[in-house]
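Coordinate inspection notes
So you can see what is in the structure, the chains are spelled out below.
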Amino acid sequence: MSMKSFDKFCEKLILGEPASQKEILDERQKIIRMRIIAETLGAFAALLMMNNFIMENVYKWADDFFMPIAPLMTVCLMYYTVRCFAKDCLIGINGAYSAKFAAGYAIFLGIMMLLTILPGENEEFIFITDEKATAVFLKLITWIMFVVYGILSSILIKIAQKRREREEE
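Read on for an overview of the structure. (Residues numbered from 1 in each chain as written. Predicted model: local features only at pLDDT ≥ 70, side-chain atom pairs only at ≥ 80, totals over all residues. Heavy atoms only, no water.)

The next point concerns the layout of surface pockets. Of the pockets and cavities examined, the second largest pocket occupies roughly 180 Å³. Residue lining of the second largest pocket: 14 residues in total, with Tyr80, Thr81, Leu90, Ala99 and Tyr149 positioned closest to the centre. The set of elements that each furnish at least two residues to the lining of the second largest pocket consists of helix H3 (69-86), helix H4 (97-117) and helix H5 (135-168). The residue inventory of the lining of the second largest pocket, partitioned by class, reads 9 nonpolar, 3 polar and 2 charged. (1 Å grid on protein atoms, 1.4 Å probe; cavity = no way out; pocket = protein on both sides within 12 Å on 5 of 7 lines; lining within 4 Å. Points joined across faces, edges and corners; volume = space filled by probe spheres on them. Helix = DSSP H or I, 4+ residues; strand = E, 2+ residues; numbered from the N terminus. Nonpolar A, V, L, I, M, F, W, Y, C, P; charged D, E, K, R; others polar.)

If you want it as C-alpha cells, here you go:
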C-alpha cells in the first residue's frame, strides 16, 4: 500500500465519507500552523502595544484607540496566510474547500461592508478631523484590506493546489 493510498484510506476512515468538507491536516502542517499562529499573535500584540504607546505618548493619530486595531488585524491575517503558504500548510491534505470558502467569504463580506460605509446623498466622507484619522476612514481601509486578503488568499490557494498536483504526479 502506497503512502498516498494509505492517506486516502485514513481520510475515509476518519470522515466516513470521501467528499466531506472538513479540513484534514497532517501532523507537520498542524505543528507549523500552531507556530505561525503564535508568531502572528505575538506580532499583533507588539503592533498593538506600539500603536497604544505612540497614541498615548507621541501623537494621537486616530480619533479613538479601538479603530486602529482593525487594520492591524487584517495586516496580521495577511501575514498569517502568506506564512502558511510559504511553509506549505495553507491547504489540508484533503483539498482546499474550506480555504476557498474562507477566501470567498472574506471577499463577499468586505464588499458588503464597503457598501454599508458609503455615504448617502446628503452625507460626505470625512477622512481627517483635527489632524486625526476618523473611524469611517479606518473602517474603509480595513474593509478594502479585507477584500485584498480574500483575493490574495484565493491566488495563493490556487498556486498551492497546482504545486500539490505537480508533487502528486
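Together, Tyr97, Phe101, Tyr105, Phe108, Ile111, Met112, Leu115 and Leu118 make up a nonpolar patch on the protein surface, roughly 840 Å² of accessible area in all. For Phe108, a relative accessible area of 49% puts it in the partly exposed group. (Patch = residues over 30% accessible without salt bridge, like charges linked within 9 Å, V, L, I, M, F, W, Y side chains within 5 Å. Areas by Shrake-Rupley, 256 points an atom, 1.4 Å probe, with all protein chains shown as cover. Salt bridge = Lys/Arg side-chain N within 4 Å of Asp/Glu carboxyl O. Buried < 20%, exposed > 50% of the residue type's maximum accessible area, 1.4 Å probe, protein only.)

It is worth spelling out the packing of H3 against H5 at this point. Their axes nearest at 9 Å, the elements H3 and H5 cross at an angle of 5 degrees. Taken together, the axes of H3 and H5 are roughly parallel relative to one another. Contact residues: H3 offers Ala70, Pro71, Thr74, Val75, Leu77, Met78, Thr81, Val82 and Phe85, while H5 offers Leu138, Thr142, Met145, Phe146, Val148, Tyr149, Leu152, Ser153, Leu156, Ile159, Ala160 and Arg163. When grouped by side-chain class, the residues that make up the contact of H3 with H5 number 16 nonpolar, 4 polar and 1 charged. (Axes fitted to C-alpha atoms, helices over the stretch in contact; angles between N-to-C directions. Parallel < 35°, antiparallel > 145°, perpendicular 65-115°, else oblique. Contact = heavy atoms within 4.5 Å.)

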